Structure formats: structure tokens, C-alpha cells
Amino acid sequence: MTDDVSVNHGLSDGHAALRATLRFHAAAGTRVALRNSVLGTMGAVFVMGSAPRPPGLFRPLSLGVAGAESSPWSLVIVAMVGLALARQAAPQLAAGHAGWLRSLAATRATHRRALAGALFLAQAPLMLFLICACGVVLLAPQSHLSFPKLAASLLIMLGAAMHAAPANRRGASSLVSLLALAAATTASTVGLAGALALLVLADRVGDAVAAAPRRRRTPLLSAATLLPYRIAWRAVGWQALVALIPAALPLGFAWLMCDNNGMTGEESATVMRTAGTIAVVMALASLASVLQLRRPAWAWARSLPASASGRVRQDALALLVPLVPVWLAVALVHPLAGIAVMSVSPLVALVAAAAMRRSSTRITGTQGEVWALGTAIVVAVGFSWWTTLAVVALTPAALHLAARRDRALSPTQWNERHHSTAGDALAWTAR
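Not measured: the values here are computed from a predicted model.

With respect to a nonpolar patch on the surface
Right, so step 1: Taken together, Trp255, Leu256, Leu332 and Val333 make up a surface patch of nonpolar side chains, about 420 Å² in accessible area.
Right, so step 2: Mapped by element, the contributors of at least two residues to the nonpolar patch are α10 (239–260) and α13 (324–333).
Right, so step 3: Mapped onto the fold, Val333 is located in helix α13.

Okay, structure coming up:
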């Protein structure tokens, strides 16, 4: 018994809230209609006063809108006026539609339909004109009222209201409403039935859940995308050129060896492939050490909307950019060797990025791990093309290791500098 009473009480509260919502929208539409009536009356007085014979202007228009003997094309004027009234009233009536009105005890579809009813009431000046037109038709001799035209006028006003009302799928709902207006202006049985069906369809389309907006992709070279690289390159600065100077030694030695001994083919490829990998390891070891000192791997960066793999890839790419001269130098002597060195460089860069995230716990810093693993990579690359492919295949594993180390960084960990003042803001000699 108690459950039945509570259910009935809840239903009565829901109906009361629904009636209150409908009264609110109806009152708002009535206020806008009163304002439109004043403006419409002023406009009608101006037009009638400007015409040489006011009855000669009003009578044909009334017969065209409500008379059975005239063409229904005058309903196009009704559609234009109805759309204008509904469109200018929509911003005022829908001001709180997406805000505090959504907290009321009514669904979104109920709010939208009540707002469409308010927009229908806002077209009261047009309704007043239709009433006057009916009076003119009744008083005119040999004239009869056209009930299809009157029904078409009501459907036009309703379609204009639904066109201006906000909806989940505004574009589709507005298009269907305009098609309903066009069908109603024919004032035929088929046109009225089609207009009614289209209005029902517009209501269903407007209540449908809109598709999620497509996520706007960040441009590849946007300022937000380039910011991590700008920070890294600014931290390294001119030290990138200093790191490339030792890397030029194995390349120069390999070039002299190939040129003086007349090496070609596989011998030249092996020498340049080995020397190029040595140059890459030397340059990346130095660059990673400078980057770790001047811009350490921040544990705080884990709070930013980026993955650990993304941060590791950013560091690796920032380290790879200064290696372009090394790749070009190897490719000028032997193109295939240049491709091999370029292919193995991401692996060495990921090893350097992983070493940056453990350098604070080692006396050797970043360079020790890069040199240790880099030596094994150099031996494998110089052995044969097949071992080179095997080394390149380890690149995803290096990315996984570096990302795992990045996720393991502790924000409260003490990072000792090991007597190096580079990058230390508290050191007097730091720059």
C-alpha cells in the first residue's frame, strides 16, 4: 500500500513539474509575441499607410492566404514571415535551454518541444493576420474559406518553430523542417500529409543523440607539438656541434681506408657501416649526457597528458636530429651503408633515452650505458647485413625498456649531480 502511494505521489510530482515547465515556456513565448505584435502592428500600419489604396492591397493578400478560389502561392509569404518571427525569437527563448533549465524535472525532448511551442506562440502576429484574412474572405462576395490553406498555415508556423528550436542534430532537423514548410505551401492533400510526416520526422531527428564530434587532430608541426623538441634543442645548444667533432674521426678514418686501399662493394660497405655506427654511438652518448644534465628526465612530466612511450620517443627524436650530417657522410661513400646506419640509429637513440632515466644512480652517468650497449651494437652491425637486420628488430624492445624506466621515475628521488655544475641552477659557475 505504501509503495503504491509513493508511486502515485511521484507521478503527480512529475506531472506537476511537466505542467510548470510547459507554463514557463508558454509564458515566455507569449511575452515575445506581445513584443512582436507591437512591431508587427507598426509595420502593417506603415505598409498600409504607404499604399495608395490599402483595401486593394490587403484584400488580394487575404484571399490568397485563406480563399479557396485563389492560388496557394501566397502561403510562401506566410512561410517567410513565420521563419523570420521564429528565428528572431529563438535566441531570447533559448537563452537558458542549455543551462539552468536542464536542472528541471523534464527530459531534454520535453524542453525542446515546449520551446517549439513557445516559438509557435511567438508568431501570434501572423496568427492575427490569418484571423483577419478569414474575416475578409467571409465578407467578400463569392468567396469561400479554404480549410486546406488554413491547415497549411498552421503547419507552416509549426515548421518554422521547429526549424528555429535547438536540437541535438540541428542541421538534419532544420533541413527536414524546411522540407515540411515547402510541402505545406502546396496546400494539397498530399502536401499536407507529407508536411505532417516530415514534422514528425524532424521531431524524431531532433531528439536523436548527436554523434560525438570528431577529435580535432593537432597539426604535425604545431607549436604544441614542437615544444618538447624546442626545449631539448635549446638545452643542448651549441654542444651539439661539439658532440659531432669526435664522431668525425671514425668517419674520416673509414673514408681514408676505403680510398687508399681501393675498397669497393662489400668491403667498403662493411667499413662504412661499422664506422658510421661508431660515430652514431659517440655522438649520441655525448648528446644524451648533455641533455640529461641541462634538461633531466622529469618525473613531474608524468602528470602531463602524454604517455611514457611518447616522452621517450620525443627524447630519441630530439637526439637523432643532429645526426643528419653523419648519415649524409656515410651515404655519400656507400648509399646502402648509409641506409643501414640510419636504420640502426633509432635503436641507439632509445638506448640513450633509457640511460638518461638511470644516469642519476650511476657514477658513469649516461655515457657508460650507451657505450656498453653501443659497443655490442657496433660489433653486430659490422659483422653482416643479417645481424644488422637483427639489431634493427630490437628497436621495439628498446622502446619498451625506456618507457618502463620512465614510468618508474620517482618524483621525490634525489638526483645527485656527481660534481658536475652543468645544469645546476645553484652552482655559481653554472651557465
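Details of the state of the cysteines
Here, the word disulfide means a covalent bond between the sulfur atoms of two cysteines.
Right, so step 1: For the coordinates displayed, the defined rule picks out zero disulfides.
Right, so step 2: Among the cysteines around Cys134, which has no disulfide bond, Cys132 carries the closest sulfur, lying 9.2 Å off.

So, the pattern of salt bridges
Oppositely charged side chains can form a pair if their charged atoms are brought close together.
Right, so step 1: Counted under the stated rule, the structure contains five salt bridges.
Right, so step 2: A salt bridge links Asp315 to Arg295, with the shortest nitrogen-to-oxygen separation between them at 2.9 Å. Of the two residues, Asp315 is situated in helix α12 (residues 308–320) and Arg295 in the loop between α11 (265–294) and α12; the sequence distance between them amounts to 20 residues. There is no split in this pair, since Asp315 and Arg295 are both buried.
Right, so step 3: Between Asp315 and Arg357 there is a salt bridge; the shortest N-O distance is 2.7 Å. Taken together, the residues Asp315 in helix α12 and Arg357 in the loop between α14 (335–356) and α15 (365–383) connect sequence positions 42 residues apart.
Right, so step 4: Residue classification places Arg357 among the buried residues on the basis of a relative accessible area of 7%.

A few points about the environment of Val381
Right, so step 1: Tracing the chain through its elements places Val381 in helix α15.
Right, so step 2: Setting aside residues up to four positions removed in sequence, Val381 forms contacts with Arg273, Thr277, Val344 and Thr388.

Things to note about the packing of aromatic side chains
Right, so step 1: In total, this model carries zero aromatic pairs according to the counting rule given.
Right, so step 2: It is Arg273 that lies over the ring of Trp385; its NZ or CZ is 4.3 Å from the centre.

Details of the confidence of the model for the protein chain
Right, so step 1: Overall, the prediction assigns the protein chain a mean pLDDT of 76, with 73% of residues at 70 or greater.
Right, so step 2: In the model, residues 1–11 has pLDDT below 50 throughout and makes zero contacts with residues more than four positions away in sequence or in other chains.
Right, so step 3: Every residue in residues 208–213 scores below 50 in pLDDT, and together they form seven contacts with partners more than four places removed in sequence or on other chains.

So, the packing of α14 against helix α17 (residues 395–407)
Right, so step 1: Where α14 meets α17, the closest approach of the two axes is 9 Å, and the angle between their N-to-C directions is 15°. On the basis of the axis angle, α14 is roughly parallel to α17. As α14 packs across α17, the resulting crossing turns out to be left-handed. Facing Pro346, Leu347, Leu350, Ala354 and Ala355 of α14, the residues of α17 in contact are Thr395, Ala398, Leu399, Ala402 and Arg405.
Right, so step 2: Among the residues making up the contact of α14 with α17, the classes are represented as eight nonpolar, one polar and one charged.

Reading the values: rules and limits
Note on numbering: residues in each chain are counted from 1, in written sequence order. This being a predicted model, a pLDDT of at least 70 is required before a residue's local features are given, and a value of 80 or more before pairs of side-chain atoms are given or counted; all residues contribute to the totals for chains, interfaces and linings. For side-chain calculations, the full set of non-hydrogen atoms in the structure is used, while hydrogens and water are omitted. Patch membership needs two things, relative accessible area over 30% and no salt bridge, and members are linked within 9 Å if like-charged or within 5 Å if nonpolar (Val, Leu, Ile, Met, Phe, Trp, Tyr). Shrake-Rupley sampling with a 1.4 Å probe provides the accessible areas, and residues are treated as covered by the protein chains on show and by no other component. A pairing counts as a salt bridge when a side-chain nitrogen of Lys or Arg comes within 4 Å of a carboxyl oxygen of Asp or Glu. Under the scheme used here, helices are H or I runs from DSSP no shorter than 4 residues and strands are E runs no shorter than 2 residues, and both carry numbers assigned from the N terminus. In what follows, a disulfide is any cysteine sulfur pair within 2.5 Å. With a 1.4 Å probe rolled over the protein chains alone, any residue whose accessible area is under 20% of its type maximum counts as buried; one over 50% counts as exposed, and the rest are partly exposed. In what follows, a contact means two residues having at least one pair of non-hydrogen atoms within 4.5 Å. Within 6.5 Å between ring centres, the rings of Phe, Tyr and Trp (the latter by its six-membered ring) count as paired, and their orientation is classed by plane angle as stacked under 30 degrees, edge-to-face over 60, tilted in between. The rule for a charge over a ring is simple: NZ of Lys or CZ of Arg within 6 Å of the ring centre, and within 35 degrees of the ring normal. Every residue carries a pLDDT, the predictor's confidence in it, which falls somewhere between 0 and 100. Angles run from 0 to 180 degrees between N-to-C directions of axes, and those axes are lines fitted to C-alpha atoms, restricted for helices to the stretch in contact. Roughly parallel refers to an angle under 35 degrees, roughly antiparallel to one over 145, roughly perpendicular to one between 65 and 115, and oblique to any angle outside these ranges. Crossing handedness is read from the near helix: turned anticlockwise from the far helix by less than a right angle, it gives a left-handed crossing, and turned clockwise, a right-handed one. When residues are sorted by character, Ala, Val, Leu, Ile, Met, Phe, Trp, Tyr, Cys and Pro go into the nonpolar class, Asp, Glu, Lys and Arg into the charged class, and all the rest, Gly among them, into the polar class.

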